[in-house]
2 protein chains.
Amino acid sequence: MRQHKLALCKEHYLEWIPEQTERFINKYEMFHRGEKILVAVSGGKDSLSLWDILVRLGYQADGLYIGLGIEEGIGYSSESQRLCEKFASERGLRLHVVDVAKEYGQPIPVMAEVSHRGQGRPCAVCGLAKRHIMNRIARDLGYDVLATGHNLDDEAAVLFGNTLQWSGSFLLRQSPVLRESPGLARKVKPLCRFYEREMAAYALLRGIEYIYEECPFAEGSNSIYYKELLNRLETDKPGSKLIFYLRFLDARESGLFAPAPETQVTLHPCPNCGQPTSTDDLCSFCRMIATVNSKMEKEN
Amino acid sequence: MRQHKLALCKEHYLEWIPEQTERFINKYEMFHRGEKILVAVSGGKDSLSLWDILVRLGYQADGLYIGLGIEEGIGYSSESQRLCEKFASERGLRLHVVDVAKEYGQPIPVMAEVSHRGQGRPCAVCGLAKRHIMNRIARDLGYDVLATGHNLDDEAAVLFGNTLQWSGSFLLRQSPVLRESPGLARKVKPLCRFYEREMAAYALLRGIEYIYEECPFAEGSNSIYYKELLNRLETDKPGSKLIFYLRFLDARESGLFAPAPETQVTLHPCPNCGQPTSTDDLCSFCRMIATVNSKMEKEN
């Protein structure tokens with residue numbers, strides 16, 4: 001690991017990653033051992049490794065798998081669900097499974113097509129659905145905190161995209177921990193300081209079976225483009241990805257940005273699902289589901 | 001010009017660039033026609049075009065050429081001086097020439113080597129000397145404002161480097177116009193919204209003879225590296241360089257950043273040159289010159 005000037009053998013590497021994770025959990029005050037954690041798992045290396053690490057560290061962590069119904073000829077969702085279930089059952093862990101099509105009527109790609117959101121790519125609908133469902137399960141089942149497997153490459157790419165546009169509100173919000181607010185669970189990213197390749201090495205050395213494929217809809221996305229650009233930068237100037245992300249957190253912490261303007265937005269509970277929304281009516285998710293269902297009915 | 005969705009013939013292009021420059025001068029309140037402008041010219045396309053444009057627009061603009069003594073086998077400084085003098089004499093314009101070696105004892109490459117500033121690259125010493133001399137000439141000869149030929153590619157690259165490091169103080173300072181303060185001339189960059197290739201096209205179509213070579217010491221510098229990275233981004237996502245720079249200016253204007261903390265730094269006039277410095281003693285430039293001269297004396 002050039003950026004840390006550190007070389008470890010397998011045994012020590014498998015100790016080092018959880019130790020570092022524990023440091024980040026404490027540093028950013030993510031959660032403590034008395035709290036119940038819900039880990040959102042996708043079947044990929046990051047989220048399954050996160051679950052593994054949290055359990056090894058002695059935290060009470062259950063899993064949540066959301067079946068998006070993205071098959072696209074390669075059985076992407078079925079395979080990732082199988083791997084999550086295998087991971088949980090081999091370790092005697094509890095996994096909640098939410099199947100989007102069964103619970104809400106249609107799989108994500110159909111929802112995206114019918115609702116015409118997101119210019120030919122289901123990512124906007126998928127993100128909306130995942131945020132809604134993760135928060136719903138965390139609240140309904142009494143979890144204190146929702147943990148996701150975002151790594152440094154993910155976070156740096158999001159930061160890079162928002163910085164290229166100087167999107168103030170996004171810059172102010174991006175954080176390893178988002179505190180809970182009425183109706184919204186606390187959200188944490190314990191792996192946000194690990195390079196993607198560090199997590200791949202952990203999953204491999206730990207023998208975690210995970211899905212290698214990216215989501216078939218990710219190809220050509222902005223986030224993949226920014227990741228590639230940052231990888232080139234990292235190759236030419238090792239450590240720059242970590243510096244970019246950490247100095248951003250430091251600069252914000254030490255007051256580089258002005259406090260966000262006091263918004264007069266009052267959040268209401270959505271009359272259908274009860275999650276907070278800024279509109280007077282249904283939240284975006286319930287509105288999207290209502291549109292999709294009414295269009296599907298008309299077609300039939 | 002893809003980013004403007006505009007295609008112009010030669011005649012209109014040669015009108016469009018000065019019109020746009022005038023717009024930027026007014027928009028950022030750089031200067032007005034009653035003021036005396038000193039244009040720092042290097043012999044390159046940007047600064048000579050800037051001088052050409054300002055004179056065409058009816059501003060009172062004289063030139064300043066600083067002879068850095070960078071020959072390095074290709075006669076870089078002599079050739080750029082020749083081109084500046086040719087430009088001025090053909091148009092009957094007034095050019096001030098300051099020769100660093102004649103006035104301060106040594107050319108820039110020797111100063112850099114002897115003073116051990118800047119890790120093998122004379123750029124730090126060169127920047128220090130240029131800032132000092134430009135400010136000296138502007139003040140001593142009664143100019144109201146100092147104009148440099150920085151284009152969008154220059155500004156975006158500097159911004160990019162500072163953003164990758166989240167260098168707060170540099171982010172807060174980078175601007176198309178820096179107001180005057182006691183002992184420091186106002187500084188403006190009227191070309192900051194033009195792409196480098198737009199300025200190259202202007203110089204070419206206008207028939208301005210300029211030096212094609214970059215400074216031989218620029219090779220391998222961070223600023224060139226960042227320019228290349230931004231060029232790749234621009235090729236893949238046209239307009240992103242301009243968006244990056246302009247949204248930054250907008251975001252700062254609309255209060256994204258907290259005001260710079262009140263610094264208790266009092267500036268004193270340097271006992272040797274009179275320019276403001278934060279130390280109680282000689283300013284950095286005079287200190288550097290003193291070091292170089294004393295080391296050279298010891299050697300002889």
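**Observations regarding the pattern of salt bridges**
All names here are of chain B.
- For the structure on display, the rule yields 32 salt bridges over all chains.
- Residue E103 is joined to R136 by a salt bridge in which the shortest nitrogen-to-oxygen separation is 3.1 Å. Separated by 33 residues along the polypeptide, E103 in helix α4 (residues 100-104) and R136 in helix α6 (residues 123-140) bring together distant segments of the chain.
- A salt bridge links D153 to K241, with the shortest nitrogen-to-oxygen separation between them at 2.7 Å. Of this pair, D153 sits in helix α7 (residues 152-164) while K241 sits in helix α11 (residues 240-253), and the two are 88 residues apart along the sequence.

**Digging into the packing of helix α5 (residues 108-115) of chain A against helix α6 (residues 123-140) of chain A**
All names here are of chain A.
- Contact geometry for α5 and α6: axes closest at 9 Å, N-to-C directions at 120°. Relative to α6, the element α5 lies oblique. Crossing angle aside, the handedness with which α5 passes α6 is right-handed. In this structure, α5 contributes I108, M111, A112 and S115 to the contact, and α6 contributes V125, C126 and A129.
- Across the contact of α5 with α6, the residue classes tally to six nonpolar, one polar and no charged.

**Observations concerning the relation of the copies chain A and chain B**
- In screw terms, the move from chain A to chain B is a rotation of 180° and a rise of 0.0 Å along the axis, fitting with an RMSD of 0.0 Å. The transformation just described matches what one would write down for a two-fold rotation axis.
- The share of interface residues of chain A whose copies in chain B are also at the interface is 100%, consistent with both copies meeting through the same surface.

**Observations regarding the nonpolar core**
- If you look at the biggest cluster of nonpolar residues, it comprises 120 residues, and the most contacted ones within it are W166 of chain A together with W166 of chain B.
- Sequence-distant contacts of W166 of chain B, that is, excluding residues within four places in its chain, are made with L159, T163, W166, L171, F244, R247, F248, A251, L256 and F257 of chain A together with L171 of chain B.

**As for the packing of helix α1 (residues 10-27) of chain A against helix α9 (residues 196-206) of chain A**
Residue and element names in this part refer to chain A.
- The contact between α1 and α9 brings their axes to 10 Å, and the two run at 120°. Our classification of the angle between α1 and α9 gives oblique. Considering only the axes of α1 and α9, their crossing is left-handed. Here K10, Y13, L14, W16, I17 and P18 of α1 come into contact with α9, specifically with E198, A201, Y202, L205 and R206.
- Per-class residue counts for the contact of α1 with α9 are eight nonpolar, no polar and three charged.

**Quick word on the confidence of the model for chain A**
- Looking at chain A, the pLDDT average stands at 93 and 97% of residues meet or exceed 70.
- This prediction of the complex comes with two scores: 0.92 for pTM and 0.89 for ipTM.

What counts, and at which threshold
Residues numbered from 1 in each chain as written. Chains lettered and ligands numbered in written order. Predicted model: local features only at pLDDT ≥ 70, side-chain atom pairs only at ≥ 80, totals over all residues. Heavy atoms only, no water. Salt bridge = Lys/Arg side-chain N within 4 Å of Asp/Glu carboxyl O. Helix = DSSP H or I, 4+ residues; strand = E, 2+ residues; numbered from the N terminus. Axes fitted to C-alpha atoms, helices over the stretch in contact; angles between N-to-C directions. Parallel < 35°, antiparallel > 145°, perpendicular 65-115°, else oblique. Left-handed = near helix turned anticlockwise from the far one by under 90°. Contact = heavy atoms within 4.5 Å. Nonpolar A, V, L, I, M, F, W, Y, C, P; charged D, E, K, R; others polar. Least-squares fit on C-alpha atoms with pLDDT ≥ 70 in both. Core = buried A, V, L, I, M, F, W, Y, C linked by side-chain atoms within 4.5 Å. Buried < 20%, exposed > 50% of the residue type's maximum accessible area, 1.4 Å probe, protein only. pLDDT = per-residue confidence, 0-100.

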